[in-house]
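Observations on the three-dimensional arrangement
Residue-level listing of the chains:
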Amino acid sequence: MYHNMGKRLTDNLSSRYLSAANSLQPKQKKHRILAYVESYDDVAFWRNLLSEFETDKLYFEVLLPSRTSLMKGKKSVLMNQLGDKLGTSMIACVDSDYDYLLQNTTHTSRYIKNNPYVLQTYAYAIENYLCYSESLHDICVAATLNDKRIFDFVSYLEGYSVAIYPLFIWSVWMYRSGDYNQFSLLDFCYYARITKFSVHHSEIGLQHLAQKIKQKVKALSEQYPQYVESVEKLQEELAALGLSPENTYLFIQGHHLYDNVVKKILQIVCDLLRKDMEQNIKKYAKHQQQMHNELAGYNRSQEDVDTLLHRNTLYKRSALYAKIRADVEAIIARISS
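Residues numbered from 1 in each chain as written. Predicted model: local features only at pLDDT ≥ 70, side-chain atom pairs only at ≥ 80, totals over all residues. Heavy atoms only, no water.

So, helix 13 (residues 288–301)
Over its 14 residues, helix 13 runs 20 Å from end to end, which matches the ideal 20 Å to within 8%, given 1.5 Å per residue. By the burial criterion, the buried members of helix 13 are M291, L295 and Y298. In an axial view of helix 13, the angular spread of the buried residues amounts to 65°, which keeps them on one side of the axis. Projecting away from the buried face of helix 13 at angles above 90 degrees are the exposed residues H292 and R300. Tucked inside the fold, the buried residues of helix 13 contact helix 7 (136–144) and helix 12 (254–284). (Helix = DSSP H or I, 4+ residues; strand = E, 2+ residues; numbered from the N terminus. Expected span 1.5 Å × (residues − 1). Buried < 20%, exposed > 50% of the residue type's maximum accessible area, 1.4 Å probe, protein only. Arc of directions from axis to C-beta. Contact = heavy atoms within 4.5 Å.)

Written out as structure tokens, the structure reads:
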């Protein structure tokens, strides 16, 4: 009797195990889409975006251009996948650089624009999204644990954008015309540097920047009078693509914006916020030991600005990010049709 009971129990457990194991098997195989990105730094951004669209029917695998070498970069992504390879099972995800604004005037810009299986950032690069102005106060709070608003990042980056906009138009035109050796991207970044900054009087630094930009634009207009009319017309064309004087910072070189503008300003603002918190702790501590303990705890709780910027995902509220999402939806619609 005990033998029969044990056998029934064993059979029952085996049946349950097989049932549970079978339930883990997908009823139909998921459709895998390979998504090639430019570098290690890009994996997190595209994984974060593409994961929003994964279902029980499809998923994305984000990877570098080659499984057999250390080859990276935009050209590697696009050139390796030219022809019939890109499609419903393989896509390319790249930084736009200037290609979105160049609009069919170069081989790469034509390829990106006309291939529905190439996703681009629309902003110059991922770094521009990490520096999205409406997210920067939140970065300060996370870094310092101080929610006091001592600086308006949104207004500042709007003012910065307005100041550099006239020269940026010239920079894009030079790349469209093929004369970028006369005024390169590095040249533009040199003039778009922040050399003067004060948290409480930031308008002084922006006025200084605007004056430098104005002088360079005047020099370019005198050096290339044949381009002046075309540069003015280009403003209207780029406006149709979403570029405005107020959001130019999203379209300039990403590393310049990240390293030479936003990170520098964030560090200065965060240092002031940390000092404010430390002064409050010293002011309200009842005795030395409490002050020591509170300061030690506060210092342990802080995070590095650079690390927080790299983890930033609050750019998802931006209009340009919505354009990428629309492109992903279009690819999925093609797969489903």
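Read on, since the account is not over.
Quick notes on the confidence of the model for the protein
As a general rule, the predicted coordinates of low-pLDDT regions are not to be interpreted in detail. Looking at the protein as a whole, its pLDDT mean stands at 89, while 86% of the residues score no less than 70. Ranking the elements of the protein by mean pLDDT puts helix 1 (residues 2–24) last, at 50, and helix 6 (residues 126–130) first, at 98. (pLDDT = per-residue confidence, 0-100.)

Brief notes about the pattern of salt bridges
Enumeration according to the criterion identifies 14 salt bridges in this entry. A salt bridge links E222 to K218; the nearest nitrogen and oxygen atoms lie 2.7 Å apart. Here E222 and its partner K218 are both found in helix 10 (residues 202–223), four residues apart, which amounts to about one turn of the helix. Note on accessibility: E222 and K218 belong to one class, exposed. Via salt bridges that share partners, E52, K316, R325 and E329 belong to a single interconnected network. (Salt bridge = Lys/Arg side-chain N within 4 Å of Asp/Glu carboxyl O.)

A word on the packing of aromatic side chains
Within the structure shown, the criterion is met by 20 aromatic pairs. Ring plane angle 85° and centroid distance 5.2 Å describe the contact between F45 and W46, whose orientation is recorded as edge-to-face. Grouping residues by exposure puts F45 and W46 together as buried. Arranged with centres 5.5 Å apart and planes meeting at 15°, the rings of Y224 and Y227 form a pair that is stacked. Y224 sits in the buried class, given a relative accessible area of 8%. Judged by its relative accessible area of 14%, Y227 is buried. Ring pairing ties together the aromatic residues Y98, Y124, F168, Y175, Y180 and F188, which thus form one cluster. The lysine or arginine in question, K323, covers the ring of Y122, its NZ or CZ lying 4.7 Å from the ring centre. (Phe/Tyr/Trp six-rings, centres within 6.5 Å; stacked < 30°, edge-to-face > 60°. Lys NZ or Arg CZ within 6 Å of the ring centre and 35° of its normal.)

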